[in-house]
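# Summary of the model geometry
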Amino acid sequence: MGGAHGHLLHFHAHSAIHRAPAHLKVVALLVFMITVVATPDDWFAAFGAYLMVLVAVIGLSRVPATYILKRMVVEVPFVLFAVLLPFVARGPRVEVLGLSLSESGLLAAFGLLATATLGVIASLTLAATTEPQALLKGLERLRLPTTLVQIMAFMIRYLSVVTEELRRMHVARVSRGFEARNPRHWPVLAKSFGALFIRSYERGERVHLAMLSRGYTGKMPL
Amino acid sequence: MHVPDGFFDAPTSVVTGVVAAAAVGVSLRKARNELDDRTAPLVGLVAAFVFAAQMLNFPVVSGTSGHLMGGAIAAVLVGPWTGVLCVSTVLLVQGLLFADGGITALGTNVVLMALTTVVVGWALFRALQVVLPKKTAMVPVCAAVGAFVSVPVASLVFVALYAVGGTADISIGGLATAMLGVHTLIGIGEAAITFLAVGSILAVRPDLVYGARRVLEQRELVIKSSTTDSTTEVAA
């Protein structure tokens, strides 16, 4: 099945972390993050230690730190929520730079920021060091239902095909002088949405027929 | 927006994880009953579509824009079981390959965005379909109402989870008001886009819309020819 897709997060390199079996990496990520989530917010040293572990793993994996840092923007909306917490949380308040902030809110904001940041870095590390194909094999070894793994395989295989189709529709709209500015333009966008659904569904039917004609019986060689 | 790690404590994350796994397991079996060996390619392609559709931005005002969450529309287009499966697969791939949404919050994300939106969207859609006239034109209306309600309900489930396993001590009433307010607005957008999109698909391929199948069965094939009296004879 399809090779590396440019827009996935995989970073090509040769390292012990890249070579490690995918199922071990997924389990390690899960165990690591459950430990982080279960850590009380005021164990500041523990969070420092977790960060050191991640920095060490990223160092070993030879993925540039900037590659990880640039992709941490997914976290931004929750940083805003965390910043609000000290203002809205209840309990005893403390003066910081002339602002009255909640003590428990400050601590919770720290816990949320620390955990979410560690989570994003750890997930990015997995995504950067694991080929989608290897990840699917790993998930199968972890006894995820075969059908679910197959569905994921097809989704990953056709992700770039479908997003490219969406991009071509965008180019087609723009080349006809269309620019979406406000809700009055939604009907046009909704038609693109509808066309994309029909094309994706029909492609699914064609893929199924093509598989049948090649002897598909319900099992896939991954 | 995907919940990251650290929003909920460990027990809540584990419990929502178990609920999500059970929901995906049941959906897998039901979808297989319906789609047979077409399951993997069709659900995979529809999941890729849901992923891509979330990249289609609908402008609101002055630079802000939003995209579809897609639970309710997925339920209407491909059915509730396949819908849960598609959106869950999208969340799984986003969590593992795109670092979008925390790995410990995966269960929570599936419960909120796949399970709640699909179940609420589909339940309302079916309820309205029973009550309203059985016409194809009513399908987008029912879908839009389902989509509109599904979003604030998902935000209320989030608040309920936060009341049980939230990591910060904040006023639950205040959180509920804020979340409901914002998500009612988001729900209006979701409803409008769902209405327009389902309408455009119905106009081209009504047979592909799962939620429209019951209404379509009442149609009859009428072959119209230039001579008017032959119409009745060839009508199937």
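To be clear, the structure that these remarks concern was listed above.
In this report, we go over the structure that sits alongside the text. (Residues numbered from 1 in each chain as written. Chains lettered and ligands numbered in written order. Predicted model: local features only at pLDDT ≥ 70, side-chain atom pairs only at ≥ 80, totals over all residues. Heavy atoms only, no water.)

In this section: the pattern of salt bridges. Two side chains with opposite charge may pair up if their charged atoms get near one another. All names here are of chain A. In this structure the tally under the stated criterion is six salt bridges over all chains. In this structure, the salt-bridge partner of Glu-165 is Arg-203, at a minimum N-O distance of 3.6 Å. With a gap of 38 residues between them, Glu-165 in helix α8 (residues 146-175) and Arg-203 in helix α9 (residues 186-213) connect regions that are remote in the sequence. One connected set of salt bridges, linked through shared partners, spans Glu-165, Arg-199 and Arg-203. (Salt bridge = Lys/Arg side-chain N within 4 Å of Asp/Glu carboxyl O. Helix = DSSP H or I, 4+ residues; strand = E, 2+ residues; numbered from the N terminus.)

What follows is about the interface of chain B and chain A. Taken residue by residue, the interface counts 69 residues in chain B and 73 residues in chain A. Surface buried jointly by chain B and chain A totals about 6,400 Å² across both partners, of which 81% is contributed by carbon and sulfur atoms. If you look at where chain B meets chain A, you find one salt bridge. Between Glu-202 of chain A and Arg-205 of chain B there is a salt bridge, and its shortest N-O distance comes to 2.2 Å. There are five residue pairs in polar contact (both at pLDDT 80 or more) connecting chain B and chain A. Elements that contribute at least two residues to the side of chain B that touches chain A include exactly α1 (10-35), α2 (39-53), β1 (58-59), α3 (71-78), α4 (80-97) and α7 (172-204) of chain B. Element by element, the count of residues in the side of chain B that touches chain A is highest for α2 of chain B, at 14 residues. By residue class, the composition of the side of chain B that touches chain A is 49 nonpolar, twelve polar and eight charged. (Contact = heavy atoms within 4.5 Å. Buried area = accessible area lost by both parts, 1.4 Å probe. Polar contact = N/O pair within 3.5 Å; in protein donor to acceptor, adjacent residues only side chain to side chain. Nonpolar A, V, L, I, M, F, W, Y, C, P; charged D, E, K, R; others polar.)

Moving on to the nonpolar core. A general tendency of soluble globular proteins is for nonpolar side chains to be buried together. If you look at the biggest cluster of nonpolar residues, it comprises 136 residues, and the most contacted ones within it are Phe-197 of chain A together with Val-139 and Phe-158 of chain B. Per-element tally for this core: the top contributor is α8 of chain A, with 13 residues. Once residues lying within four places of it in the same chain are set aside, the contact partners of Val-139 of chain B are Val-76, Phe-125, Gln-129, Val-198, Leu-202, Val-209, Gly-211, Ala-212 and Val-215 of chain B. (Core = buried A, V, L, I, M, F, W, Y, C linked by side-chain atoms within 4.5 Å. Buried < 20%, exposed > 50% of the residue type's maximum accessible area, 1.4 Å probe, protein only.)

Another aspect to go through is the packing of aromatic side chains. What the rule picks out here adds up to 18 aromatic pairs over all chains. With 5.2 Å between their ring centres and 40° between their planes, Phe-51 of chain B and Phe-98 of chain B make a pair best called tilted. Separated by 47 residues along the polypeptide, Phe-51 of chain B in helix α2 and Phe-98 of chain B in the loop between α4 and α5 (106-131) bring together distant segments of the chain. Overall, Phe-51 of chain B belongs to the buried group, its relative accessible area being 9%. The class of Phe-98 of chain B is buried, set by a relative accessible area of 16%. Within the aromatic cluster, the residues linked to one another by ring pairs are Phe-32, Phe-44, Phe-47, Tyr-50 and Phe-110 of chain A. Its end group placed over the ring of Tyr-158 of chain A, Arg-157 of chain A keeps NZ or CZ at 4.7 Å from the ring centre. (Phe/Tyr/Trp six-rings, centres within 6.5 Å; stacked < 30°, edge-to-face > 60°. Lys NZ or Arg CZ within 6 Å of the ring centre and 35° of its normal.)

Checked against the element boundaries, Ser-192 of chain A lands in helix α9. Apart from the residues lying within four places of it in its own chain, the contact partners of Ser-192 of chain A are Met-169 and Arg-173 of chain A.

Next up on the list: helix α3 (residues 44-61) of chain A. Since the α-helix packs 3.6 residues into each turn, any two residues three or four apart lie on the same face. All names here are of chain A. Taking 1.5 Å of rise per residue, the 18 residues of α3 would be expected to cover 26 Å, and the 26 Å separating its terminal C-alpha atoms lies within 8% of that figure. When we look at burial in α3, the residues that qualify are Ala-46, Phe-47, Tyr-50, Leu-54, Ile-58 and Ser-61. All buried residues of α3 lie within an arc of 120° about the axis, which places them on one face of the element. Counted as exposed and oriented over 90 degrees from the buried face of α3: Ala-45, Met-52, Gly-59 and Leu-60. On its buried face, α3 sits against α1 (16-19), α2 (22-38), α4 (65-70) and α6 (103-129). Where α3 ends, the next residue or the one after it, Arg-62, has phi of about 60°, a positive value. (Expected span 1.5 Å × (residues − 1). Arc of directions from axis to C-beta.)

On to the side chain of Ser-88 of chain B, then. By the element assignment, Ser-88 of chain B lies in helix α4. If we ignore the near neighbours within four places in the chain, the residues touching Ser-88 of chain B are Val-24, Val-110 and Ala-114 of chain B.

What follows covers unusual backbone geometry. Most of the time, phi is negative for any residue but glycine, and the peptide bond is trans. Even without being glycine, Arg-143 of chain A reaches a positive phi, approximately 65°. The backbone phi angle of Asp-36 of chain B is positive, close to 55°, even though this residue is not glycine. Secondary-structure assignment places Asp-36 of chain B in the loop between α1 and α2.

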